[in-house]
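Chains, contacts and geometry: an overview
Each chain is listed here by its residues.
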Amino acid sequence: GENVEQHPSTLSVQEGDSAVIKCTYSDSASNYFPWYKQELGKGPQLIIDIRSNVGEKKDQRIAVTLNKTAKHFSLHITETQPEDSAVYFCAASTASYDKVIFGPGTSLSVIP
Amino acid sequence: EAGVTQFPSHSVIEKGQTVTLRCDPISGHDNLYWYRRVMGKEIKFLLHFVKESKQDESGMPNNRFLAERTGGTYSTLKVQPAELEDSGVYFCASSPRGGGYYGYTFGSGTRLTVV
């Protein structure tokens, strides 16, 4: 089955700097890659996703890139703000899966 | 639109006791998922309902866990008897379509502590 790895497990950045979280997946059939943000006391919330027919997607200060050949995908947050502090999960799925497989999460701290 | 509701938000029980977690999905969402996060590890799949039917229960750890979805609406997850390793945060998610391909909406989770 699918296995998703995620690095780093913790990340601290100064406010205004960029943050990058990297993930790898094992199943070449995976074609959908969502990212979830979990704030303290809340459930994970979908913030951006990318499908395999696209190499990059951007939404304001966040962007995701996908390299299907290498089975890598990454989340980039620019101009970080304190409210970006949270746990971020990458995940992988296919249209034929009835479930999403998550990575172990990255705890991001943005220092004012 | 109301979100996914889970309760209780926290539960502390002794080893050997029974606990029942409840999830109310977004109205009209046929797909309901249970996940669990243990000790800061990945959010791990437990099972998937389509309406009242179990589509995939391959992630259920053992027969101490029993999930039901009455009439295709709310779902319950019962742990009986609870063991120490069952501690963690249990998340429920719902989706209008299956496959996780269209994004899940998660509830806030139930933090279960078994002592």
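Whatever comes next refers back to the structure up there.
All figures in this text were calculated on a predicted structure; none of them were measured in a lab.

A word on the packing of aromatic side chains
Inspection of the entire model under this criterion finds 16 aromatic pairs over all chains. Considering the side-chain rings of Y36 of chain A and F106 of chain B, the 5.5 Å spacing of their centres and the 90° angle between planes classify their relative orientation as edge-to-face. Highlighted residues: Y36 of chain A in strand β4 (residues 32–38) and F106 of chain B in strand β10 (residues 105–106), drawn from two different chains. One exposure class covers both Y36 of chain A and F106 of chain B, and it is buried. Aromatic rings pair up to connect Y36, F89 and F102 of chain A together with Y33, Y35, F45, F91, Y104 and F106 of chain B into one cluster. For R22 of chain B, the ring lying beneath its charged end belongs to Y74 of chain B, and the centroid distance is 3.8 Å.

As for the nonpolar core
All names here are of chain A. Core analysis: the biggest nonpolar cluster contains 24 residues, and W35, F73, L75 and L108 have the highest contact counts within it. Of all the secondary structure elements, the ones that give two or more residues to this core are β2 (10–14), β3 (19–25), β4, β5 (45–51), β7 (62–67), β8 (72–77), β9 (86–92) and β11 (106–111). Excluding anything up to four places from it in sequence, L108 contacts L11, V13, A19, I77, D84, S85, A86 and Y88.

With respect to the interface of chain A and chain B
Each partner contributes to the interface: chain A provides 22 residues, whereas chain B provides 23 residues. Roughly 1700 Å² is buried in total at the junction of chain A and chain B, and carbon and sulfur atoms are behind 56% of that figure. Where chain A touches chain B, the interface holds 1 salt bridge. Note that K99 of chain A is salt-bridged to D56 of chain B, the shortest N-O span being 3.3 Å. Run the count over chain A and chain B and you get 6 residue pairs in polar contact (both at pLDDT 80 or more). Elements represented by at least two residues in the side of chain A that touches chain B include exactly β4, β5 and β9 of chain A.

Structural notes on the environment of V115 of chain B
Residues and elements named next belong to chain B. Of note, V115 is situated in the segment after β11 (110–114). Overall, V115 belongs to the exposed group, its relative accessible area being 54%. Along the sequence, V115 and D56 sit 59 residues apart, while their C-alpha atoms lie 30 Å from each other. Beyond its immediate chain neighbours, meaning those up to four positions away, V115 contacts V12, I13, E14, K15 and L84.

What counts and how
- Residues numbered from 1 in each chain as written.
- Chains lettered and ligands numbered in written order.
- Predicted model: local features only at pLDDT ≥ 70, side-chain atom pairs only at ≥ 80, totals over all residues.
- Heavy atoms only, no water.
- Phe/Tyr/Trp six-rings, centres within 6.5 Å; stacked < 30°, edge-to-face > 60°.
- Helix = DSSP H or I, 4+ residues; strand = E, 2+ residues; numbered from the N terminus.
- Buried < 20%, exposed > 50% of the residue type's maximum accessible area, 1.4 Å probe, protein only.
- Lys NZ or Arg CZ within 6 Å of the ring centre and 35° of its normal.
- Core = buried A, V, L, I, M, F, W, Y, C linked by side-chain atoms within 4.5 Å.
- Contact = heavy atoms within 4.5 Å.
- Buried area = accessible area lost by both parts, 1.4 Å probe.
- Salt bridge = Lys/Arg side-chain N within 4 Å of Asp/Glu carboxyl O.
- Polar contact = N/O pair within 3.5 Å; in protein donor to acceptor, adjacent residues only side chain to side chain.

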